[in-house]
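So you can see what is in the structure, the chains are spelled out below.
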Amino acid sequence: MCSLALWSLMRDVTAQFTMDDAVLHPGYRPEEGSDEEGLWRMMDRAEGNLQLSRFVVRDPQLNEFISDMICRLGKDYCPDIRAYVVRTPYFNASMAPNGMMQIWTGLLLRCSDEAQLAAIVGHEMGHYIHRHSIQRFRDVRNKAGLSAFLGLGLAAAGAGWAGNITDLALTASIFSFSREQEREADSVGLEIMARAGYTPVAAHEVWQQLLAEQEVSTADRTQNVMFASHPAPEERLVTLREQAELLDGERGERGYERFRESLAGVRQQIVDDELRLRQYGRSEVVFDRLIAQSPKDGLLWYAKGEVYRKRAEPGDLKRALDAYQTALDTDSAPPETYRSIVLVELKQGNKAKARSTLDLYLEKYPEAADADSLQMLFY
Amino acid sequence: MMSRIALLNWTPLLVLALLLAGCETTGSRSFGLIEAQRQTIDNVISVEPGLTWNKVRSSKFTGNIEVWTLDGPTLNTLMFFTGVPDGEPLFVRRAVNQKSVEQPPVFKSDMNPFEIQELLEATMARNFQTTIADSRGLRPQLIDQGRGFRFDTSLVGRDEVERHGVFVGTIQRNKLYGAWFQGAKHHYFYRYLGEYDRIIESAQLLIKAESD
C-alpha cells in the first residue's frame, strides 16, 4: 500500500509539477525574500567554494557517468541537480536544497554496482524533492534559533570533514534530518531507483554491507552522532527489503560493467585513500567483498595485502605476501606490489629476497620516485 | 542627554580595551615565549633556536608532542615528538572523542624509516581530515651525531591551503623522537626552512646521553 501511494505521489510530482507544498516541483525557485531563498543563497555560496575545491574529482568519464545516472533517476529534475564527486574516503552522499549533490569517493568504493549507487543517490533525491532541509531549518529555528541549526551540523560532523564555516549549513543538511525524514527518503529513493529500472534489492544490500563493516569497526557506534540521528541500519535493512519485494525486487538492471568502467581513472586513488585510513577490519571487509565479485582484480589483492602489512599483527606478514603473490598472478597488479614485497621481506630479515624484488620493482617501474628511499633501507 | 552622548563616545574605546585585555589573557594562556637560546623540551630533547618562537599551549593535537609556531599554528608549526612509545599514535585531535572513531594508526618500535613515513602520512590524513597528503624523499640524516632519517611532506587541509613540511626523526630505546616543521607553501614554510635546519643541527637527545 505504501508502495502504491509513493508511486502515485512520484507520478504526481513529475507529471503535474506540484500538488503539495512540501514537494518540490522541477525548476522550482524559492520566493524572493523568503527564509528558503536565504538558505539557497547560503548553499549557492558553499557550492561556489566547492566548484574551486581541490577535493572535487574532475575525471571526465566518472562525471559523465554520474550525470547520466542522475538524469536517469531524476528525469524532470535533471536540470536542477548538479553533482560533485568529492575525494573523501567515507560512505556518504548529500544533497543541499539548491540542487547541489555531493558524492563521496568512499561511497563509490563501497558500492558493488550502479544499482547500489542509484539507491543512495535516489535517497538523497528523496530529501531534496521533499524539501527536508527547509522543513528541518524551520523546525529547529523555531525551537532554538539559527545558531542551533548550524550547531547541529557542527556536532554531527565532529567539526571535521565538513570543513570550514561556509560548509556548516551544508553539513547540517547532511546530518540533521529527522528519523522520519530519513525513512521517507529511503522509501522515495527506492521508488525513484525502481522507476529508473535499477534492481530494487540493491538498496538494502548497501545497508547490509555497511552493517558488515560496522561489526568489525573499532569505533563505538553508540557514540556516533550519525547513528544517533538516523534510523538504525538494522531497521532500514528490514524495511527496504520489504519495500523492494513489493516492487519485484530482483528485476531491473545492475550496471556492474558500466559502473566499473566509469571508475577506471580513479580506482587506485580511491583504494589508496581507503588504505591510508588504517581502519584495517573495515577495509578487509570491503576488499574481501569486492574480491569475491572480481577475483582476478590485481589492485584489490594488492590492497588486501597492504591491509595486512600495515596492521602487522601475528601472521599478517605471511597473509600479505600471499595476497601480493595473488595480485602478481593477475595482469592488473600495480607496480607498488613489488615495493610492498620488499618491505615485508626486509621485515622478515630476508635481505636477498628483498634485494631481488627491489631490482624487479625498478625494472618494471624505472621512474619510481621512491627508489633511493628503498635503497636506504638496505644499509 | 549629554551624559548619554559622552558615554556613547567612550563606548567603542571601552569595548576595544576589554577586547584587548581579553586577547592578552587568552594569548598568554594559549602561547608561551620561546627565547632564541638553548631550550629543553620535555626533558628529552635540547635545541637552540635562532629565532624567538611561541610554544602552543592549546594545540588542537595531543600526544607525546610539543608544538611551537612562529606566525600562528595556521601558518606554520614545529611539532617535536618527545618519545612516542610502542603502540601509541603519533598524535590525535584533542577535540575528537576517540571512542567514537576508528582506532588511530600507531607507532611500532620495529618500524623502518619508510614505514614511519607511511605512518606520518596516515596520521596527517586522519588528523587534518584530508585525502591530499603525501610524503617523499626519504633520506639519511645525522641527529646528534647518530643515525636518523628525513623526508618531505605536503598536504592540503580542509581550508584548501597547501602546506609543505619536513620531518626528521630517530628511534632510540624503542621510542620515536623527531621534529616536524610544516607551513603554508607560500612564504611561511620556505622562509623558515633554514631556521628548522639550524634547530636540527643543534639538537641533542638527552635520553641518548642517559643511556650512554
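Numbering of residues starts from 1 in each chain and follows the order in which that chain's sequence is written. Labels follow written order: the first chain is A, the first ligand is 1, and so on. Where local features are concerned, this predicted model is filtered to residues with pLDDT of at least 70; where side-chain atom pairs are given and counted, the filter is 80 or more; whole-chain, interface and lining totals use all residues.

1. With respect to the overall build of chain A
Inference 1: A helix here means a DSSP run of H or I that spans at least four residues, while a strand means a run of E at least two residues long, and both kinds are numbered starting from the N terminus. Within chain A one finds 20 helices and 3 strands.
Inference 2: Counting every position in chain A, which comprises 379 residues, the buried fraction comes to 46%.
Inference 3: Working definition of a contact: two residues with C-beta atoms, positioned from the backbone, lying within 7 Å. Within chain A, contacts between residues separated by at least 24 positions form 65% of all contacts whose residues are at least 6 apart in sequence. Using C-beta atoms placed from the backbone, we call a residue buried if 20 or more other C-beta atoms fall within 10 Å of its own, exposed if 12 or fewer do, and partly exposed for counts in between.

2. Here we look at the nonpolar core
All names here are of chain A.
Inference 1: To define a nonpolar core, we join buried Ala, Val, Leu, Ile, Met, Phe, Trp, Tyr and Cys residues through C-beta atoms within 7 Å and take the resulting set. If you look at the biggest cluster of nonpolar residues, it comprises 137 residues, and the most contacted ones within it are Ile103, Ala118, Val121, Met193 and Val342.
Inference 2: Considering every element that reaches this core, the biggest residue donor is helix α5 (residues 114–129), with 9 residues.
Inference 3: Excluding residues that lie within four positions of it along the chain, Ile103 makes contacts with Ile66, Ala83, Val85, Val86, Ala93 and Leu108.

3. Overview of the interface of chain B and chain A
Inference 1: The interface of chain B with chain A comprises 28 residues on the first partner and 32 residues on the second.
Inference 2: Examining the composition of the side of chain B that touches chain A, we find that 6 residues originate from one element, helix α2 (residues 113–127) of chain B, more than from any other.
Inference 3: Of the residues that constitute the side of chain B that touches chain A, the class distribution is 12 nonpolar, 6 polar and 10 charged. Residues are grouped as follows: nonpolar covers Ala, Val, Leu, Ile, Met, Phe, Trp, Tyr, Cys and Pro; charged covers Asp, Glu, Lys and Arg; every other residue, Gly included, is treated as polar.

4. Here we look at the environment of Gln243 of chain A
All names here are of chain A.
Inference 1: Within the secondary structure layout, Gln243 lies in helix α12 (residues 233–246).
Inference 2: Overall, the presence of 21 C-beta atoms within 10 Å leaves Gln243 in the buried class.
Inference 3: Taking the C-alpha atoms as reference, Gln243 lies 30 Å from Glu284; in sequence the two are 41 residues apart.

5. Some remarks on the sheet that holds strand β2 (residues 93–95) of chain A
Residues and elements named next belong to chain A.
Inference 1: Spatially, the 3 strands line up as an open sheet ordered β1-β3-β2, and their pairing is mixed. Where the open sheet ends on each side, the last strands, each with one partner, are β1 (82–86) and β2. The sheet shows a mean angle of 15° between the axes of neighbouring strands, taken without regard to direction.
Inference 2: Strand pairing follows a simple DSSP-based rule, namely that at least 2 bridges must link the two strands. As paired strands, β1 and strand β3 (residues 100–104) are joined by 5 bridges and run parallel to one another. Within β3, the residue paired with Tyr84 across the bridge is Gln102.
Inference 3: Sitting on the sheet, helix α3 (residues 60–74) touches β1 and β3, and the angle it makes with β1 is about 140°.
Inference 4: In this analysis an axis means a line fitted to C-alpha atoms, helices contributing only their contacting stretch, and an angle means the value between N-to-C directions, from 0 to 180 degrees. Lying on the sheet, α5 is in contact with β2 and β3; it crosses β2 at an angle near 25°.

6. Here we look at the packing of α5 of chain A against helix α9 (residues 179–195) of chain A
Residues and elements named next belong to chain A.
Inference 1: Two elements in contact, α5 and α9, have axes whose closest approach is 7 Å; the angle formed by their N-to-C orientations is 120°. Here α5 lies oblique to α9, going by the angle between them. Here the hand of the crossing between α5 and α9 comes out right-handed. Contacts between α5 and α9 involve Ala118, Ala119, Gly122, His123, Met125, Gly126, His127 and Ile129 on the former and, on the latter, Gln181, Glu184, Ala185, Asp186, Val188, Gly189, Leu190, Ile192 and Met193.
Inference 2: Its residues placed into classes, the contact of α5 with α9 shows 9 nonpolar, 6 polar and 2 charged. When an angle is under 35 degrees it counts as roughly parallel; over 145 it counts as roughly antiparallel; between 65 and 115 it counts as roughly perpendicular; any other value is oblique. Crossing handedness: left-handed means the near helix sits turned counterclockwise from the far one by under a right angle, and right-handed means the same turn made clockwise.

7. Observations concerning the domain arrangement of chain A
Residue and element names in this part refer to chain A.
Inference 1: Domain boundaries assigned for chain A yield domain 1 (2–246) and domain 2 (267–376).
Inference 2: Within the residue set of the side of domain 1 that touches domain 2, elements represented by two or more residues are α4 (105–110) and α10 (202–216).
Inference 3: For the side of domain 1 that touches domain 2, the per-class residue count stands at 5 nonpolar, 6 polar and 3 charged. Boundaries between domains were set according to an automatic or database domain assignment.

8. Digging into the pairing of strand β10 (residues 146–156) of chain B
The side chains of a regular strand alternate, residue by residue, between the two faces of the sheet.
Residue and element names in this part refer to chain B.
Inference 1: Summarising the sheet, strand β9 (residues 133–143) and β10 pair through 9 bridges and their orientation is antiparallel. Bridge pairing links Ile143 to Gly146 in β10.
Inference 2: Linking β9 to β10, which pair antiparallel, is a turn of 2 residues; within it Asp144 sits at a positive phi near 50°.
Inference 3: Note: β10 against strand β11 (residues 162–172), 8 bridges, orientation antiparallel. Bridge pairing in β11 links Phe151 to Phe167.
Inference 4: Here β10 hands over to β11 after 5 residues, with Glu160 in that stretch at a positive phi of 70°.

9. Considering helix α14 (residues 267–276) of chain A
Inference 1: Within the sequence span of α14 of chain A, burial applies to Ile270, Val271, Asp273, Glu274, Leu275 and Arg276 of chain A.
Inference 2: Looking at the buried side of α14 of chain A, the elements it contacts are α4, α15 (280–293) and α16 (298–311) of chain A together with α2 of chain B.

10. Quick word on the sheet that holds strand β6 (residues 65–69) of chain B
Residues and elements named next belong to chain B.
Inference 1: Across the sheet, which stays open at both edges, the 8 strands sit in the order β1-β4-β6-β7-β12-β11-β10-β9 with antiparallel pairing between neighbours. Every interior strand has two partners, whereas the edge strands, β1 (31–34) and β9, have only one. Each strand axis lies, on average, 25° off the axis of its neighbour in the sheet, ignoring direction.
Inference 2: Taken together, the 4 bridges between β1 and strand β4 (residues 53–56) define a ladder with antiparallel strand orientation. For Leu33, the partnering residue across the bridge sits in β4 and is Asn54.

11. Overview of the confidence of the model for chain A
Detail in the predicted coordinates should be disregarded across regions flagged by low pLDDT.
Inference 1: Per residue, pLDDT captures the predictor's confidence, and it can take any value from 0 to 100. Here chain A shows a mean pLDDT of 86. Residues at 70 or above account for 83%.
Inference 2: Across residues 1–20 of chain A the pLDDT falls below 50, and counting only partners more than four positions away or on other chains, this stretch makes 20 contacts in the model.

12. Topic: unusual backbone geometry
Residue and element names in this part refer to chain B.
Inference 1: A positive phi angle, near 50°, is found at Asp42, a position not held by glycine.
Inference 2: Along the chain, Asp42 falls in the loop between β2 (39–41) and β3 (45–47).
Inference 3: In this structure Asp42 comes out as partly exposed when scored by C-beta crowding, with 14 C-beta atoms within 10 Å.

13. Here we look at the environment of Tyr324 of chain A
Residues and elements named next belong to chain A.
Inference 1: Position of Tyr324 among the secondary structure elements: in helix α17 (residues 316–329).
Inference 2: Taking the C-beta count within 10 Å as the criterion, Tyr324 has 27 such neighbours and is therefore assigned buried.
Inference 3: Sequence spacing of Tyr324 and Arg241 is 83 residues, and the spatial spacing of their C-alpha atoms is 37 Å.
Inference 4: Discounting residues that sit within four places of it in the chain, Tyr324 has contacts with Tyr302, Gly305, Thr337, Ser340 and Ile341.

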